[in-house]
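Residue-level structural notes
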Amino acid sequence: MEPVKIKLDQSNELFRDLMPKKFGVQGRLWVAFLLLVILIGAFAYYRQLKYGLVVTDMRDFTSWGIYISNFVFFVAISLVGSLVSAILKLTNIAWRTPLVRISEIIAVAGITFAALIIIVDMGRPERFWHLFVYGRIQSPILWDVIVITTYFVISLLLLYIPLLPDIAICRDTMPDSLKWRKKFYTLLALNWRGTKQQYSLINKCIQILAVLVIPLALGIHTVTSWLFATTYRTGWDSSNFGPYFVAGAFQAGCAGVIAVMYVLRNHYNIKKYITPMHFNNMAKLLVLLSLIYLYFNINEYLVPGYKMKTADSEHLHALFTGSYAPLFWSVQIFGMILPIIVLLFRKGRKPLPVFIVSLCVVVGAWFKRFLIVIPTLLHPFIPIQGVPESWHHYIPTWEEWAITSASLAGALLVITIFVRLFPVISIWEMEEEKEKINQLPKQTQVYGA
Amino acid sequence: MEQENNSRRKFLKAGVITGIAAAGSLGVIEVLSQDEHKKKGDTVKLLSPDGKLIEVDSSQINPEMPEMVLSQHNLREGVPGKKFVMVIDLSKCKNAGKCKSACSKMHYLPEDRSYIKINKMQDAEKAAPYWMPTPCFHCDNPPCVKVCPVDATFKLTDGIVAIDNDRCIGCRFCMVACPYSARVFNWDTEFQLKPAEAKDIMHHEACSSHKTGTVEKCDFCPSHGAKNELPDCVKACPNGVFYFGDENEDVVSNGDETVRLSQLLKDKAGYRYMEDLGTKPRVYYLPAANRQFPFKEAEPATP
């Protein structure tokens with residue numbers, strides 16, 4: 001196929017609409033807000049470094065807290081990159097094109113902050129290098145380090161390589177007066193000239209990466225689930241854990257993309273490209289993924305709940321009817337049942353309701369990880385006794401909330417800055433799509449539309 | 001007493017030295033631990049293996065492993081020739097708590113903190129509750145060692161599961177992997193040693209060196225074991241609940257009596273807690289049958 005020719009002037013609608021634009025007042029306020037949250041988190045982390053992990057509410061029994069559940073959330077949300085840019089690509093779904101870059105930047109931001117938050121959780125973060133010098137391969141943590149690093153690299157490439165032609169557009173249209181920005185784009189564009197050979201190279205690259213990233217995506221979340229499933233703890237000791245985590249991750253990631261694309265659509269002039277059709281289709285996908293996740297949830301809770309083994313029963317009772325019941329049922333209902341019901345109806349698949357439901361799913365997904373990590377630790381085989389009363393519970397301290405919020409704000413800031421610097425929808429791929437449609441015979445075009 | 005005659009040379013010698021072999025009442029290791037009475041120049045009467053009464057200088061008997069050897073001892077190797085093992089007799093425990101306070105003292109821990117927990121257990125609704133002290137079980141198939149990403153916790157040749165607090169990154173995976181909740185974490189700087197105290201700690205006990213942000217736990221007090229002494233928790237227990245010894249020698253002692261490990265486990269139906277997990281603990285329990293004390297609830301824990 002001949003390389004696409006992109007007209008770089010205001011007559012080209014794609015160019016006009018999709019080039020990055022300066023932030024308005026709202027955009028600046030948003031960035032300022034994120035920076036404020038990050039600053040508070042940085043202060044909380046300074047306190048944690050100074051006084052030790054004692055500033056958290058983690059103690060000998062609840063030895064993992066919201067840092068770890070937040071880590072699992074980040075890994076989960078990052079799986080969406082592979083869903084949209086690989087699975088939908090390999091299944092030849094054409095409407096995915098405007099969503100690819102959005103989901104890929106979510107993936108990169110998610111996996112980056114997953115890695116950072118795990119360092120925050122360490123008692124001795126300055127010994128992080130021990131993992132590389134003294135690493136032992138039989139530890140699931142090492143598997144996680146390996147697979148997360150690999151996934152990070154592949155996701156970054158999946159973001160960067162298709163971005164090259166668009167960076168070149170930024171470079172070529174940047175006036176010479178803006179020296180630094182011109183330099184920035186020139187450096188990143190890697191001497192892109194848009195030749196036929198270059199296009200065929202990146203198309204090949206994308207194809208290979210898209211295939212590679214699928215097993216890796218399954219890998220990162222399966223290994224993350226093994227951090228729990230390889231222990232003896234009730235609620236974690238489950239052979240269902242790998243697929244259960246992967247299913248939950250795809251569902252959360254899908255909702256995450258919907259939420260981000262709704263916000264971008266309302267603040268950028270891209271309503272033409274991200275249409276109600278996209279919300280309709282993504283909503284259908286979310287229903288499917290929610291159903292799969294529901295299936296695994298039923299497996300995860302019904303089977304041990306049916307038997308009610310002594311060790312399991314205390315943990316399950318805490319979830320079903322005990323102190324964690326309100327949170328547990330809210331998460332199950334708003335995070336799983338609600339999308340399945342609302343999005344079944346055509347009216348429910350309009351942009352706004354889809355957005356609201358997706359937000360519910362994302363928030364539910366965060367608390368779902370909390371429910372996976374913490375209640376189990378509060379129900380060890382030998383019941384907790386003879387320790388201070390506060391050790392029987394886990395209520396995260398302000399430092400934990402601040403650091404966790406900062407990590408979430410950090411991920412959002414990465415996405416925000418990316419949107420400011422690069423076209424959020426791939427200009428050249430949209431151009432290619434347009435040409436493809438133009439080249440189709442008339443008859444097909446009718447059916448294809 | 002025929003158990004002692006069959007035990008290894010070191011134990012036999014020690015037994016003979018102090019004449020217990022004849023008297024047959026005092027424990028071997030108990031006496032060994034009382035070596036502070038002996039000074040050079042003293043003579044001790046003892047019964048030689050062939051039945052003669054002889055007199056020797058006290059410095060010749062019970063030669064201690066020099067401190068030098070211990071301090072240069074490799075943290076990752078363990079005491080040569082030993083295979084430490086513990087037996088806890090649940091029928092004798094009344095939650096006196098002396099093991100805990102002795103442990104805290106020995107390891108320079110704050111008073112409310114110890115590596116031993118004493119848990120109220122009840123096996124069935126109609127069964128009577130009992131107290132179960134739990135130190136680290138020093139499993140032969142340790143889940144904590146398996147999951148450690150940096151080899152900061154490891155199995156020694158003497159059976160001990162040790163920790164290198166200079167290696168530990170504080171990920172706490174070992175804590176969630178341990179099904180017995182044996183591990184504790186240095187959440188803050190409070191437990192850090194003052195330099196003056198650190199001087200007193202022998203190197204081999206670096207296993208519990210209280211570094212902030214790292215994991216620690218019961219270490220079976222290997223420097224005591226190396227000198228054929230009993231750990232402080234064993235010595236401190238007023239009811240003789242803990243037996244400690246060497247599996248290679250097949251001998252354990254609670255300070256009052258020294259018995260053969262295999263015989264004790266056979267006679268009193270010894271078992272290991274949650275055997276079905278396959279972790280192969282080095283701590284055995286004797287069931288809480290024929291209790292010496294009626295069960296009494298503990299005082300509420302101080303907040």
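The structure this text deals with has already been given above.
Described below are features of the structure shown in this document. (Residues numbered from 1 in each chain as written. Chains lettered and ligands numbered in written order. Predicted model: local features only at pLDDT ≥ 70, side-chain atom pairs only at ≥ 80, totals over all residues. Heavy atoms only, no water.)

**Concerning unusual backbone geometry**
Glycine aside, the phi torsion of most residues is negative, and most peptide linkages are trans. All names here are of chain B. To be explicit about the condition: A helix here means a DSSP run of H or I that spans at least four residues, while a strand means a run of E at least two residues long, and both kinds are numbered starting from the N terminus. Type-normalised accessible area, obtained with a 1.4 Å probe on protein chains alone, sets the label of each residue: buried when under 20%, exposed when over 50%, and partly exposed for intermediate values.
Although it is not a glycine, methionine 274 sits at a positive phi angle of roughly 50 degrees. The topology assignment puts methionine 274 in the loop between α12 (261-267) and β13 (283-286). On the basis of relative accessibility, which here comes to 18%, the residue methionine 274 falls in the buried class. Even without being a glycine, lysine 280 presents a positive backbone phi close to 55 degrees. Topologically, lysine 280 is positioned in the loop between α12 and β13.

**Structural notes on the packing of helix α4 (residues 80-90) of chain A against helix α5 (residues 97-121) of chain A**
Residue and element names in this part refer to chain A. The line we're drawing: Axis lines are fitted to C-alpha atoms, over the contacting stretch for helices. Their N-to-C directions set the angle, which ranges from 0 to 180 degrees. Should an angle fall under 35 degrees it is called roughly parallel, over 145 degrees roughly antiparallel, and 65 to 115 degrees roughly perpendicular, with every other angle called oblique. Two helices cross in a left-handed way if the nearer one is turned anticlockwise from the farther one by less than a right angle. They cross in a right-handed way if the turn is clockwise. Contacts were defined at the residue level, with two residues in contact if any of their heavy atoms lie within 4.5 Å.
Running from N to C, α4 and α5 point in directions that differ by 150 degrees, and their axes come no closer than 7 Å. When the axes of α4 and α5 are compared, the pair comes out roughly antiparallel. Seen along the crossing, α4 lies across α5 with a hand that is left-handed. Across from Val80, Gly81, Val84 and Ser85 in α4, the residues of α5 making contact are Leu99, Val100, Ser103, Glu104, Ile106 and Ala107.

**Side note on the pattern of salt bridges**
Formally: Criterion for a salt bridge: a side-chain nitrogen of Lys or Arg within 4 Å of a carboxyl oxygen of Asp or Glu.
By the definition in use, this model includes 26 salt bridges over all chains. As a salt-bridge pair, aspartate 151 of chain B and arginine 76 of chain B come within 3.5 Å of each other at their nearest N and O atoms. On the criterion of sequence distance, the pair formed by aspartate 151 of chain B in the loop between α7 (143-147) and β6 (153-155) and arginine 76 of chain B in the loop between α5 (67-71) and β3 (84-89) is long-range, its members being 75 residues apart. When its relative accessible area of 24% is taken as the criterion, aspartate 151 of chain B is described as partly exposed. Where arginine 76 of chain B meets aspartate 164 of chain B, a salt bridge forms, and the shortest distance between an N and an O atom there is 3.1 Å. Of this pair, arginine 76 of chain B sits in the loop between α5 and β3 while aspartate 164 of chain B sits in the loop between β7 (161-163) and α8 (173-177); the two residues are 88 residues apart in sequence, bridging distant segments of the chain. Each of Arg136 of chain A together with Arg76, Asp151 and Asp164 of chain B takes part in a single network of salt bridges with overlapping partners.

**So, the packing of aromatic side chains**
A ring pair, where both rings are aromatic, is described by two values, the distance of the centres and the angle of the planes. Residues and elements named next belong to chain A. Inclusion rule: Between rings of Phe, Tyr and Trp, where Trp is taken as its six-membered ring, a pair exists when centres lie within 6.5 Å; planes separated by under 30 degrees are stacked, by over 60 edge-to-face, and by other angles tilted.
Taken as a whole and assessed by the stated rule, the structure comprises 43 aromatic pairs over all chains. Ring centres of phenylalanine 184 and phenylalanine 422 lie 6.2 Å apart, and the angle between their planes is 35 degrees; on these two criteria the pair is classed as tilted. Of this pair, phenylalanine 184 sits in helix α9 (residues 179-188) while phenylalanine 422 sits in the loop between α16 (398-421) and α17 (427-439), and the two are 238 residues apart along the sequence. On the accessibility criterion, phenylalanine 422 (7% relative accessible area) is buried.

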